[in-house]
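# Understanding the architecture of this molecule
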Amino acid sequence: MKFNTKTIHGGQKPEEATGAVMPPIFQTSTFAQSSPGVHKGYGYARGANPTRTALENSFAAIENGTHGFAFSSGMSAIDCVLRLLNPGDEVIAGDDLYGGTYRMFTQLFKKYGLEFTFVDMDSVTNVTDAINERTKLVWLETPTNPLMKIADIEAISTAVKDVNSDILISVDNTFATPYLQQPLTLGADIVMHSATKYLGGHSDLIMGALIVKDAKLADDIHFIQFAAGAIAGPMDSFLALRGIKTLHLRMQRHCENGKAVANFLKNHPKVGLVYYPGFESHPNHEIAKKQMKDFGGMVSFHLKDKSKEATFKFLENTHLFTLAESLGGVESLANHPTTMSHASIPEPERLKIGITDSLIRLSVGIEDEEDLLKDLEQALNR
Ligand SMILES: *Cc1c(COP(=O)(O)O)cnc(C)c1O
């Protein structure tokens, strides 16, 4: 199946009892057994629920994996990956990460004896140079949130596996979605999503996903998911599955509108630097072109006037771009990373990589392009 078919049919079949074309919402915690231990594949819903199974099969299909897992949030999916490791193990991660990921690494898992090294993933040798005998996981995010940096998934996976094939490569694919890039096909072991964002696509749920292509890794992840219990509920699973059915259509428009907004901002006299991997001037444009089908709907930028007053005035005056946390929904959103999504990163760390108070991040939705540009124009001219 091609991708546009997989979003609709991948891992799906009509429900067996009634033929329902859409999976019913199995709002149940438990399942009847005819004799102790004898059931129809479902025992207790922390282990598995048919609505969640339908979604997890869809996750696996769209990411070219064999096993998918739906978690109660993106963070609980990341938490599960880190629980694969043992105290004393080391993780190499990119230096520009979603703020919550950085917080979990440095404030939660450091406490349990994991060590983290943050490197600029722009260069493959930065990653391989940081490997030592305790390295067990390389954590990639590409494009990054919020600076839109691009890491070469295939080159990094190959180089890391050349040094030690046991090191796991995990990719946070939230920004790109499998419509744009499929990390398992590029050599990664684990794909992670905040399904809250593009996969769900309608800003109506919080959910995480992991997808793998190795049976042993799948067993380990299922054990942690079952033992720790951070599962997605049946109603949310239904909504996410419904969202995925239009992922390809939404992403196409997100990419078109994202391109229009990036170009509009680049040419606007009041706008300074614009971060968008589709520009030839982006430092890793060639890698983006190679590994992504298009460049997505996320654009970050600074105004030329970098004062807090000017930045806040812009953010207070957009109408269609709602000032809010999150991204990836059908509606356009504007975000101020240093007070919102990335407030959990200490200021010195933020400044080191360029997340300053004048940075603005846009999640460009699927509204009419002309209306979006008009909204930005009027907010820039206030
Ligand atoms: C939002 C986000 C997360 C966290 O996911 P939640 O669903 O909010 O728990 C992780 N990574 C990226 C890139 C995100 O944007």
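Just so we're clear, the structure is a prediction, and the values are computed from it rather than from any experiment.

Calculation criteria
Once a new chain begins, its residue numbering starts again from 1 and follows that chain's sequence as written. Note on the predicted model: pLDDT of at least 70 is required for a residue's local features to be given, and 80 or more for side-chain atom pairs to be given and counted; whole-chain, interface and lining totals, by contrast, use all residues. Side-chain descriptors were evaluated using all non-hydrogen atoms of the structure, hydrogens and water having been removed beforehand. Think of it this way: any DSSP run of H or I at least four residues long counts as a helix, any run of E at least two long counts as a strand, and we number them from the N terminus. When accessible area is computed with a 1.4 Å probe and restricted to protein chains, residues below 20% of their type maximum are described as buried, those above 50% as exposed, and intermediate ones as partly exposed. In this description, contact between two residues means that some pair of their heavy atoms is separated by no more than 4.5 Å. Should DSSP find at least two bridges between two strands, the strands are taken to pair. When the strands point away from the viewer and the connection leading from the first strand across the helix to the second strand turns clockwise, the crossover is called right-handed. Nearness of a residue to a molecule or strand requires only that one of the residue's heavy atoms be within 4 Å of it. In protein, a polar contact means a hydrogen-donor-capable atom and an acceptor-capable atom, both N or O and within 3.5 Å, with residues adjacent in sequence counting only if both atoms are side-chain atoms; elsewhere, any N or O pair within 3.5 Å suffices. Shrake-Rupley sampling with a 1.4 Å probe provides the accessible areas, and residues are treated as covered by the protein chains on show and by no other component. Each residue receives one of three labels: charged for Asp, Glu, Lys and Arg, nonpolar for Ala, Val, Leu, Ile, Met, Phe, Trp, Tyr, Cys and Pro, and polar for the others, Gly being one of them. Patches here: salt-bridge-free residues with over 30% relative accessible area, like charges joined within 9 Å, nonpolar side chains (Val, Leu, Ile, Met, Phe, Trp, Tyr) joined within 5 Å. The term salt bridge refers to a pairing of a side-chain nitrogen on Lys or Arg with a carboxyl oxygen on Asp or Glu at a separation within 4 Å. As used throughout, the charge tally considers Lys and Arg to be positive and Asp and Glu to be negative, leaving His and the chain termini uncounted. For charged residues, the charge sits on one atom: NZ in Lys, CZ in Arg, CG in Asp, CD in Glu. Stacked, edge-to-face and tilted labels apply to pairs of Phe, Tyr and Trp rings (six-membered ring for Trp) whose centres lie within 6.5 Å, assigned for plane angles under 30 degrees, over 60, and everything in between, in that order. By definition, being over a ring means that NZ of Lys or CZ of Arg is both within 6 Å of the ring centre and within 35 degrees of the ring normal. Multiplying 1.5 Å by the helix residue count minus one yields the expected span of that helix. It is the directions from the helix axis to the C-beta atoms whose arc is reported. Residues enter a nonpolar core if they are buried and are Ala, Val, Leu, Ile, Met, Phe, Trp, Tyr or Cys, with the set joined through side-chain atoms within 4.5 Å.

With respect to the helices and strands, the residue Ser 58 is situated in helix α2 (residues 50–62). Judged by its relative accessible area of 1%, Ser 58 falls in the buried class. Not counting residues within four places of it along the chain, the set of residues in contact with Ser 58 comprises Gly 10, Gln 12, Leu 241 and Ile 244.

Counted residue by residue, strand β5 (residues 168–172) has five buried out of five residues, so it is predominantly covered. A two-sided burial pattern is seen for β5, the buried positions comprising Leu 168, Ser 170 and Asp 172 on one face and Ile 169 and Val 171 on the other. Bridge analysis of strand β4 (residues 135–141) against β5 gives five bridges, and the strand direction is parallel. Within β5, the position partnered with Val 138 by the bridge is Ile 169. Handedness of the crossover joining β4 and β5 through helix α6 (residues 153–163): right-handed.

The next thing to look at is the site of the ligand. Taken together, 14 residues lie near the ligand, and Met 75, Asp 172, Ser 194, Thr 196 and Lys 197 sit nearest. Asn 145 places a polar side-chain atom, nitrogen or oxygen, 3.4 Å from an oxygen atom of the ligand. If the ligand stood free it would expose 380 Å²; the protein chains cover 93% of that surface. Looking at the shell around the ligand, the elements with two or more residues in it are α3 (74–82) and β6 (190–194). Its residues assigned to classes, the shell around the ligand comprises five nonpolar, six polar and three charged.

Moving on, we get to a negative patch on the surface. Taken together, the side chains of Asp 368, Glu 369, Glu 370 and Asp 371 make up a negatively charged region of the molecular surface. Structurally, Glu 369 can be placed in helix α14 (residues 369–380).

What follows concerns the packing of aromatic side chains. By convention here, two paired aromatic rings are described through the distance between centres and the angle between planes. A complete count under the given rule lists nine aromatic pairs for this structure. A centroid spacing of 5.1 Å and a plane angle of 45° characterise the contact between Tyr 102 and Phe 118, whose relative ring orientation is tilted. Taken together, the residues span a long stretch of sequence, with Tyr 102 in helix α4 (residues 99–109) and Phe 118 in strand β3 (residues 115–119) at a distance of 16 residues. Aromatic side chains Tyr 276 and Phe 279 sit 5.2 Å apart centroid to centroid with 70° between the ring planes, which places their arrangement in the edge-to-face category. Each member of the pair Tyr 276 and Phe 279 is classed as buried. Taken together, the ring pairs connect Phe 105, Phe 116 and Trp 139 into an aromatic cluster. The ring centre of Tyr 98 lies 5.2 Å from the NZ or CZ of Lys 197, which sits over that ring. Cation over ring: Lys 308 sits above Phe 312, and NZ or CZ is 5.0 Å from the ring centre.

Taking 1.5 Å of rise per residue, the twelve residues of α14 would be expected to cover 16 Å, and the 17 Å separating its terminal C-alpha atoms lies within 8% of that figure. Taken residue by residue, α14 has Leu 372, Leu 373, Asp 375, Leu 376, Ala 379 and Leu 380 as its buried positions. When α14 is viewed along its axis, its buried side chains cluster within an angular range of 155° and face the same direction. Among the exposed residues of α14, those oriented more than 90 degrees off its buried face are Glu 370 and Lys 374. On its buried face, α14 is in contact with α10 (247–266), β8 (271–275), β9 (298–303), α12 (308–317) and β12 (359–363). The N-capping residue of α14, defined by a side-chain oxygen 2.9 Å from the backbone nitrogen of Glu 370, is Asp 368.

So, on to the nonpolar core. Counting 62 residues, the largest nonpolar core has Phe 59, Met 207, Leu 265, Phe 301, Phe 314 and Leu 362 as the members making the most contacts within it. A per-element tally of this core places α10 first, with seven residues.

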